[in-house]
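These are the residues of each chain, in order.
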Amino acid sequence: MKRTWLIVSCLSFTLTPVGQVFAQYSSPQHYIETYKDMAVQYMETHGCPASLILAVAIHESAYGSSKVARYLNNHFGIKGPNNSKEIRSAYKGYASVEQSYEDFIALLKRRKSTQRLFDLCQPHEYKRWVQGIARSGYAHSTSWASKVIGTIEKYSLHELDKQPEVTAAAAAESESAPATQYTVKKGDTLYDLARKHGTTVKAIQRINGLTDARLRIGQQLIL
């Protein structure tokens, strides 16, 4: 009877529509819907494109379906220690997917070869970000950059990076309104300030004579 039960169980598993379960759990669209708000939040906080964050995670974790993603919550292929008893892996383990996202941003900021991207590139310049990360040696594959960019464009992820358009009326009102001084606070970015004040990063840089996106606490800006 025990052997019969095992055969029936295996047949039942085989007949299960595995493809449907897989598609529902880890399709690109499902992954994007699940994590796009998190990616946008990190973009608004740090200035790294939401499209880049999502596309790298999709590429490195196979839409969250890889063993490393499922057992270690590692969605970015970052190597390091883990305590998993389910798999043996050289990849880093995280308590949650969110921690994996946080560590990806932290990695870009702590590596000299990529930290400069936060000063040189704007959130909507996803191609420059991808190419800069590829040149840093993040991935060994020579096709990594083209695959990540292809993912961004295939699923229109770059639409998450776009700044709100400034209407002609708003622009005219801004030009006629008296300039106001703003004191930079901890966590401020040019991208955030541009959105809050209905202008653009380039406009803020131009009026303040800034050559990059770096800000310091206490700095006085004209908005």
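The shown structure was predicted, so the numbers you read here are calculated from the model rather than taken from an experiment. (Residues numbered from 1 in each chain as written. Predicted model: local features only at pLDDT ≥ 70, side-chain atom pairs only at ≥ 80, totals over all residues. Heavy atoms only, no water.)

J.: Give a description of the confidence of the model for the chain that names residues and reports values.
T.: Mean pLDDT over the chain stands at 82; residues scoring 70 or higher make up 80%. Counting contacts from residues 1-25, a segment whose pLDDT is below 50, to residues more than four positions away or on other chains yields six contacts. (pLDDT = per-residue confidence, 0-100. Contact = heavy atoms within 4.5 Å.)

J.: Which residues make up the packing of helix H9 (residues 126-135) against helix H10 (residues 144-154), and what values do they have?
T.: Two numbers describe how H9 lies on H10: the axes approach to 9 Å, and their chain directions differ by 155°. Between H9 and H10, the angle falls in the class roughly antiparallel. For the pair H9 and H10, the crossing hand works out as right-handed. Every residue of H10 that contacts H9 at Tyr126, Lys127, Val130, Gln131, Ile133 and Ala134 is listed here: Trp144, Ala145, Val148, Ile149, Ile152 and Glu153. Looking at the contact of H9 with H10, its residues break down into nine nonpolar, one polar and two charged. (Axes fitted to C-alpha atoms, helices over the stretch in contact; angles between N-to-C directions. Helix = DSSP H or I, 4+ residues; strand = E, 2+ residues; numbered from the N terminus. Parallel < 35°, antiparallel > 145°, perpendicular 65-115°, else oblique. Left-handed = near helix turned anticlockwise from the far one by under 90°. Nonpolar A, V, L, I, M, F, W, Y, C, P; charged D, E, K, R; others polar.)

J.: Residues and numbers for the packing of aromatic side chains, please.
T.: Tallying each qualifying case throughout the model produces seven aromatic pairs. An angle of 85° between the planes, with centres 5.0 Å apart, marks the rings of Phe118 and Trp129 as edge-to-face. Of the two residues, Phe118 sits in helix H8 (residues 117-120) while Trp129 sits in helix H9, which places them 11 residues apart along the sequence. Put simply, the rings of Tyr31, Tyr35, Phe76, Tyr101, Phe104, Tyr138 and Trp144 pair up and form one aromatic cluster. Its end group placed over the ring of Tyr91, Lys79 keeps NZ or CZ at 5.7 Å from the ring centre. Sitting above the plane of the Phe118 ring, Lys109 keeps its charged end 5.3 Å from the centroid. (Phe/Tyr/Trp six-rings, centres within 6.5 Å; stacked < 30°, edge-to-face > 60°. Lys NZ or Arg CZ within 6 Å of the ring centre and 35° of its normal.)

J.: So what's going on with the environment of Tyr63? Residues and values would help.
T.: Among the secondary structure elements, Tyr63 is positioned in the loop between helix H4 (50-61) and helix H5 (67-72). With 34 residues separating them in the primary sequence, Tyr63 and Gln29 have C-alpha atoms 9.0 Å apart.

J.: Tell me about unusual backbone geometry, and name the residues and values.
T.: Positive phi is not limited to glycine here, since Ala62 has a value of about 55°. With respect to the element layout, Ala62 can be found in the loop between H4 and H5. Its identity is not glycine, yet Ser156 carries a phi of approximately 55°, on the positive side. When you line up the elements, Ser156 lands in the loop between H10 and helix H11 (168-176). For Ser156, a relative accessible area of 30% puts it in the partly exposed group. (Buried < 20%, exposed > 50% of the residue type's maximum accessible area, 1.4 Å probe, protein only.)

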